[in-house]
Structure formats: C-alpha cells, structure tokens
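Residue-level structure breakdown
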Amino acid sequence: MSDLLSKAATAAEIARAVSHDKVKASAVVEAALKRIAAAEPTVNAFTDIVAERARKRAAEVDAGKHHRGPLAGVPFAVKNLFDIEGLPTRAGSKINVDGPKATRDGALIRRLEAAGAILVGGLNMGEYAYDFTGENAHYGPSRNPRDTTRMTGGSSGGSGAAVAAGEVPLALGSDTNGSIRVPSSLCGLFGLKPTYGRLSRAGSFPFVDAFDHLGPIARSAEDLALSFDAMQGADPDDPVCTHLPPEPTLPHLDQGIGGLRIAIAGDYFATGGEPEAFEAVAAVAKALDATRTVVLPQAAAARAAAYVITAIEGAQLHLPRLRARPQDFDPDTRERFMAGALLPGAWYVKAQRFRRHYRANVLKIFDEADIVLAPATPCTAPKLGQVMMKLGGVDLPVRANLGLFTQPISFIGLPVVVAPLQRPGGLPIGVQIIAKPYNERAALRVAAFLEAQGVASAPPA
C-alpha cells in the first residue's frame, strides 16, 4: 500500500487499487496533500489548493456515493485557466483575481471527476498563457524538479512541475503554440495535445481561439490514454468541439507499432536546435526502425503565421484590460499584447489563408505516413531568468524560441504525444509523435511502445 501513496504511483495504479479496495481514496488524497505541502516551497507549482473539497470528494468515493470509474481516487490538478467552482479563474494574471468566482467547474474537470478523479488544486502558469518559460511575474516561477535552477517551460509550467515533482500523477494544461509539449519535454514527462476540437474547452479562459487546445500531462502513456478517454465527447458549450463519438485509446496501447508507417520530419525540423534535440529524435527513430524522412512544406512560414494570428487574437481579447489596468500586467506580456494590437488586420487575413494552404499540403504527408517524428524543444531546460540562448550557433531569445518546433504543428491542430527521453547525466528532452487529425490512438500506441522498450520514460519523481 505504501507504494500507492508515494509520489511515484501512476494514475492507473491508483485507480486500480482504489477500485479493488486495496487503498482508500481518502488516504491517496491525504498523501498527495502532504507531498504538495512539502514540495511547494521549492517547486511553486500551485496557486490554489482545494483541500477540503478534495477530502470531501474522496470520502464520497470511499463511501460508494460515486461510481468508481476508471480514474477512481486519482488526485489531479489543473492549470489555473480552468474554471474551478468557487475560485476566480486566474489565467496566471493579477487582474482576473479581482473578477467573479467561477460558478461551475470547467468541462474537463467535470468529466475527470465523473470518472472518479479528485481535483486538488489550480496550477501556476505564464500570464494569460502568453509564455513558453513557466515564469510568472505575479506568482513567481514554477521550478523544474529535475533542476530547480531551471525553467519548467510554459505556459503550463505548474502542470509540468506538479507531475514531475510527484505532487500529483496527472495534470491538465493548455496548448496554443506548444504549452503542453514544451513543459513535457523540459520536465521529462508524457504530454498529449489532442486534435483541435477533440476535447471541450468550455470553462477555460481563452487565449487564441484558433489554436487553443486542452490536454493532459502525466508520467506514463497509459495515464495519458486513461485521462484522454475519460475527457472525450461532444460539448455544445464549445462551438469547435467535435461531434465525433469518443474513440477509446486505452484498449489499443498494447498493440505495439505493427502496421504503422513512421517517418522523420526533416528540413526545418532537422536544423536550428541543439544536438540533444536531434539525438533524441534519432534514438526514437532507431527504436521504431524509422528511416524515411518527410518534409512539412513551409514550416518556417507556418510558425511566422502562427505568431501573427496569436499576437492579433490575443491583443484583441485583452484590449479592455490593457486600457483599464495596464500597470497590472507583467510588462513583458503587456508589450507583446500592445504590439499585437498594432499589427494590420490584413496580416491576419493573409495568415489565415496561408493556414488553409499549409494544412492541405501537410495532410498529404499522412497519405503515406501514419506518424511523423520531430523534436519537441530545441534544447533542454534553460536557466530561470535566462533571456538569450544559443541555438545552432545563433543567439536567440529564450521566450520566443522554445516553441520553435511546436508552433508549426498546433498551427493546424494536429494531435501530438510528447515522449520523454532521459539523458544520462543530463536533463531530459522530448520528441513529438505527430499523427493525422483524430488519430491520437496511433500516437499513443507509439509512445506506449517506446515506454515498454525503455526508450521513453519519466524519471523518478
């Protein structure tokens, strides 16, 4: 039983044990709350802890008042842009704390709790999700448990930190340009950015409607599949949420990679990063016996167009706050939003037109490949406070370039699983496993295979 209460226990292990009465949900939650209290002075992953709510929920699970679903008794936490009933939805900001409290949990929180999981709190994040570092001017930086002098990556930095530190086995984040995938890579975790529209975004604070995705971060591919399956389903409260029926992924994890055509992204995705990024892709390709290289055409232009759409949509969303309370923004975030407000509207139209063109060309690749491999980040975790970094021999801003390899993918909403590779004596780094729309099943199968082969793994919490 002690192993099930430790920070190394996975969501799947906890759920099986609670369902079979090997451990009480209340004991699991108390152990998680103790770990959070011990880790937070160093890790700074949480901004809100809902201890009494969690205890009440756990007692109800133990008493049989809730169906013991596939996530029975699993503690989880969410990026603080998710609505949590009774709390203001911070979205990493100072301004939102003065706003109304949420009257209802976000859709994905409700779905996880319907599956038996237990919410324990809200997590730190970059202000208004406009961030790749995990640093927050109002609440302090989340710190990478692999080396607490380094960044978690963002903007779902608290989500990465909480899972990597073993505070919770499962966390939810958001991914607009890479904000699930970057923390997963830098913290050495598995992360899933589903297909755009696959999971409901209802009850979450928006950033860029054209790109916003929600998804899980965990310590195993099984936990990603378990949570993803529980969160699927149409939702009329999110106008872009798919009406496709849920497609379970968990039953297919043990099928291996037989029949999957796997390729490696070349050209743009094979330059501009540090050696460790490309070594990770090579190691994964070798394990998968993947030798074919494909080119995602105009990926650099896609990244530029993603920046234009992000800047303009983000600025328009926040113009009322910029006018009313400019002094309460992180100065760096304020400058980016103000710059976006000055961009010509014609640029936005051109970027969206290019997006359709790019998507059509990239989807052709999946006529001949089921999976495409690419680096998740161009380097391992930079130091906290680091402003510049060297990539491919060139000095570049950290904040703008950690999403170098993620932006061209979320730009057209493709599903991606990040598989983490541990580097002996070094920091972890991840590889993107990219699939065609709505084929999360294939990407998760590849991640599970790599985990079973010992190629991908989360390091000890």
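Refer to the structure presented above.
Structure report, in brief. Keep in mind that this is a model prediction, so the values were computed, not measured. (Residues numbered from 1 in each chain as written. Predicted model: local features only at pLDDT ≥ 70, side-chain atom pairs only at ≥ 80, totals over all residues. Heavy atoms only, no water.)

1. Considerations on unusual backbone geometry
What you tend to see is this: most non-glycine residues have negative phi, and most peptide bonds are trans. Residue serine 155 is reached from glycine 154 by a cis peptide bond, and omega for that bond is 10°. Along the chain, the position of serine 155 falls in the loop between strand E3 (118–123) and helix H5 (157–164). A positive phi is found at asparagine 44, a non-glycine position, where the angle reads about 60°. One can find asparagine 44 in the loop between helix H2 (25–43) and strand E1 (46–49). Look at asparagine 44 and you get buried, because its relative accessible area is 16%. The residue alanine 129 is not glycine, and still its phi comes out positive at about 70°. Along the chain, the position of alanine 129 falls in the loop between E3 and H5. (Helix = DSSP H or I, 4+ residues; strand = E, 2+ residues; numbered from the N terminus. Buried < 20%, exposed > 50% of the residue type's maximum accessible area, 1.4 Å probe, protein only.)

2. Some words on helix H14 (residues 440–452)
With 13 residues, H14 should cover 18 Å at 1.5 Å per step; its first-to-last C-alpha distance of 18 Å lies within 8% of that length. Taken residue by residue, H14 has Glu440, Ala442, Ala443, Leu444, Arg445, Val446, Ala447, Ala448, Phe449 and Leu450 as its buried positions. Just downstream of H14, glycine 454 is the residue with a positive phi angle, here 80°. (Expected span 1.5 Å × (residues − 1).)

3. A word on the pattern of salt bridges
Note that side chains of opposite charge can pair when their charged atoms are close. Evaluation of the coordinates by the stated rule reveals 20 salt bridges. Across the salt bridge formed by arginine 53 and aspartate 105, the nearest N and O atoms sit 2.7 Å from each other. Taken together, the residues span a long stretch of sequence, with arginine 53 in helix H3 (residues 51–62) and aspartate 105 in the loop between strand E2 (75–79) and helix H4 (107–114) at a distance of 52 residues. For aspartate 105, a relative accessible area of 10% translates into the label buried. For aspartate 328, the salt bridge is made with arginine 325, and the minimal N-O distance between the two is 2.8 Å. (Salt bridge = Lys/Arg side-chain N within 4 Å of Asp/Glu carboxyl O.)

4. Digging into the environment of asparagine 44
Separated by 32 residues in the primary sequence, asparagine 44 and alanine 12 have C-alpha atoms spaced 26 Å apart. Sequence-distant contacts of asparagine 44, defined by excluding residues within four places in its chain, comprise Ala39, Asn124, Tyr139, Gly140, Pro141, Ser142 and Arg143. Polar contacts involving the side chain of asparagine 44 include one to the main-chain carbonyl oxygen of glycine 140, which spans 3.4 Å. A distance of 3.0 Å separates a polar atom in the side chain of asparagine 44 from the backbone oxygen of proline 141. (Contact = heavy atoms within 4.5 Å. Polar contact = N/O pair within 3.5 Å; in protein donor to acceptor, adjacent residues only side chain to side chain.)

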